[in-house]
Every structure is written in structure tokens, then in C-alpha cells.
Amino acid sequence: MNESRSIRVIIADDQKLVRAGFAMVIGSQPDMEVVGQAPDGAQAVALAESLHPDVVLMDVRMPSMDGIEATSRITSLSAAPGDAADSASLAADATVSAESADDRPTRVIILTTFDLDEYVMAAIDAGASGFLLKDTEPETLLNSIRTVFQGNAIIAPSATKRLIEKMMQDGYAQHGSLGGETTHSGAVYGSAGGVSGGAAGNGAGSMTGFPSPAGAASDGSNTSRPAYDPELDLLTDREREVLVEIAHGLSNQEIADKLFISLSTVKTHVAHILAKINARDRVQAVVFAYDNGLV
């Protein structure tokens, strides 16, 4: 491996030609290298355990062990208990030193031909850092690998809005596991945006400008579910403003421009938000915002 800390990738797919195609695309990049290929989930897990790659491209349907189960095992292998604030800081700022990158856990991107809700949700439950369709453009795939390597998350644009809606239907707040800043790309790149499909709104004002938390009745009484997550009270007015803009799909730079604050200040606010609401990443933050009626 070269000294510039190339991104080490494993490709897991039961079709040899598919693996060869991905390997050719990835191998053409000076900042990436394919360190292993696996025809099924079981071998992918074994390779991940021995090679400690940065990113695994994982097919869903494979013999012996499917990609969802393999993803769950790989993320369990690399999961280590840590301070939530440390994870929040990584998710807030995509700039990571080579030294800290060496300690980064293996991230998994699910690649499938099936744009189905059950696969998206299963991938998140398994701890995947992203979900893409196999017909993704090569440039999008490469940028997605870089995005995930930096600690962010990627979701196929066609799945994003339905994902949030399903999370809300299922009461999925704070149970997702995508890691980092989710972006829209046609929109899946690290600092290019946030979860798409969020409703536009005014929630960027002071506390009085925010909607009532979800579940709170107009007379202040509680409904059958808790009025809102208690972590909401830990956020400052400015942090709520930033959280609303995250839920609307804005990147850190876009939030800085809209709120007339510096990029570094936004990153600090994002780190504080993720730590206070116990969210591992921006996907969970978006769901938290929706679930608590901020958007």
C-alpha cells in the first residue's frame, strides 16, 4: 500500500464478471486499491477479518451467506465501544488525518439491483454505511466509496425519501446505523448535501419559530406516545436551527451560508447535536428531527 493511505476495498459478489468490473473501475483510481474479492458472504466476512479493509462493496443476494448477514458480521467485527462525542466529531467533519483513518472501522456499502424497502431497511439494521443500485454511474460509485471512507453515509437517491417515510411509520428514530453525513446526488457525496426529500420549511428561527414536538397536543397535554424525546431539551436554539437545516438536506457549507456563520462553527454545532441526541450520524439526526416535529 502506498504512503498516501489509499482506500482499501473488498468486493463481494457472486458474479465473477461483476467483481471484475468493479475491480477495474476502482483499480483505475490512484487513491484506491482492491485488496480482496469474495464470491459469497462467508468469504467476505473472512477477508474482512483478516485484511481489515476500509470499505466493502457488498452484494445482497449471494450463496452460502447473503450480504445482509455478512454486513452484520463485518460491522460487528469492527464495532468498538467509544465515546459518542468522538463519533459525532468524525461525522461532523469529513477531514480525517491518515493516523485516525488507520483506526477507522470497516464500512459496508450495499450494492444491489433491487431497489426495495426491505433491503434498504435490512442494510441499515445490519450496520451498512450505504445503499446503492448496481446501475450507479462509475463516478458516483467512486465518490460514494470516498464519502463512506470519510465517515459519512450514502443512500441511493431513489430510496432516500421512502427510507425516511418508512422510518417514521415504524418509529425508527435513533435505531438506524448509517454512519455520517448523508447526501443527495442525484446526490450521494460527502459534503454536497443531506438526506433528500425533506420538506422545505421555515424552522430556522428562534425557539418560537419551531413546530410543536410530534405527539404534543395543542393544549399541551400528552398523547399516548411521549410528547418528544427528552434529548430535544438539551439543544440550544442555534443547535435546533442547524438540526432543522440538516433535516432539510443542507450540507455544512450550505448551512453556514444560510445562517451566516462559519463552516467550522457549523461543524461544531453538528458534533454537539449528534452527541446530545445520542445519534451516530446525520441520518439518525434527520429521523430525530422528523420524529420530534421539527420539520
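Conventions adopted
Residues numbered from 1 in each chain as written. Predicted model: local features only at pLDDT ≥ 70, side-chain atom pairs only at ≥ 80, totals over all residues. Heavy atoms only, no water. Buried < 20%, exposed > 50% of the residue type's maximum accessible area, 1.4 Å probe, protein only. Helix = DSSP H or I, 4+ residues; strand = E, 2+ residues; numbered from the N terminus. Pairing = 2+ DSSP bridges. Right-handed = clockwise from strand over helix to strand, strands pointing away. Salt bridge = Lys/Arg side-chain N within 4 Å of Asp/Glu carboxyl O. Contact = heavy atoms within 4.5 Å. Arc of directions from axis to C-beta. Polar contact = N/O pair within 3.5 Å; in protein donor to acceptor, adjacent residues only side chain to side chain.

Visitor: How would you summarise the pairing of strand 3 (residues 55-59) if you had to cite specific residues and measurements?
Guide: Across the 5 residues that make up strand 3, a large majority, 5, are buried. Strand direction decides the pairing type here: strand 1 (residues 7-12) and strand 3, joined by 4 bridges, are parallel. By the bridge assignment, I11 is partnered in strand 3 with L57.

Visitor: Give a description of the pairing of strand 2 (residues 32-38) that names residues and reports values.
Guide: Looking at chain direction, strand 1 and strand 2 are connected through 6 bridges and run parallel. By the bridge assignment, I10 is partnered in strand 2 with G36. The parallel pair strand 1 and strand 2 is bridged by helix 1 (residues 16-27), and the resulting crossover is right-handed.

Visitor: Tell me about the pattern of salt bridges, residues and numbers included.
Guide: This structure, assessed with the given rule, holds 8 salt bridges. With a shortest N-O distance of 2.7 Å, K134 and D13 are connected by a salt bridge. With a gap of 121 residues between them, K134 in the loop between strand 5 (130-133) and helix 7 (138-149) and D13 in the loop between strand 1 and helix 1 connect regions that are remote in the sequence. Notably, a salt bridge pairs R146 with D31, separated by 2.7 Å at the nearest N-O pair. With R146 in helix 7 and D31 in the loop between helix 1 and strand 2, this pair connects stretches of sequence that are 115 residues apart. According to the relative accessible area criterion, D31 is partly exposed, its value standing at 24%. Each of the salt bridges in this network shares a partner with another, and the network as a whole consists of D13, D59 and K134.

Visitor: Describe helix 9 (residues 237-247), with residues and values.
Guide: The α-helix advances 3.6 residues per turn, and as a result positions three or four apart in sequence lie on the same side. Taking burial as the measure, the 11 residues of helix 9 include 9 buried ones, the bulk of the element. What helix 9 keeps buried is the set E239, R240, E241, V242, L243, V244, E245, I246 and A247.

Visitor: Describe the environment of L111, and please don't skip the residues or the numbers.
Guide: Looking at the secondary structure, you find L111 in strand 4 (residues 107-112). Residue L111 is classed as buried on the basis of its relative accessible area of 3%. Along the sequence, L111 and D59 sit 52 residues apart, while their C-alpha atoms lie 5.0 Å from each other. For L111, the contacting residues outside a window of four places in its chain are F22, L57, M58, D59, V60, L132, L133, K134 and L141.

Visitor: I'd like a description of helix 2 (residues 41-51), backed by residues and values.
Guide: Buried residues of helix 2: G41, A44, V45 and A48, and no others. Projected onto a plane normal to the axis of helix 2, the buried residues spread over an arc of 100° and lie on a single side. With a side-chain oxygen positioned 3.1 Å from the backbone nitrogen of A42, the residue opening helix 2 is D40. H52 lies just past helix 2 and shows a positive phi near 50°.

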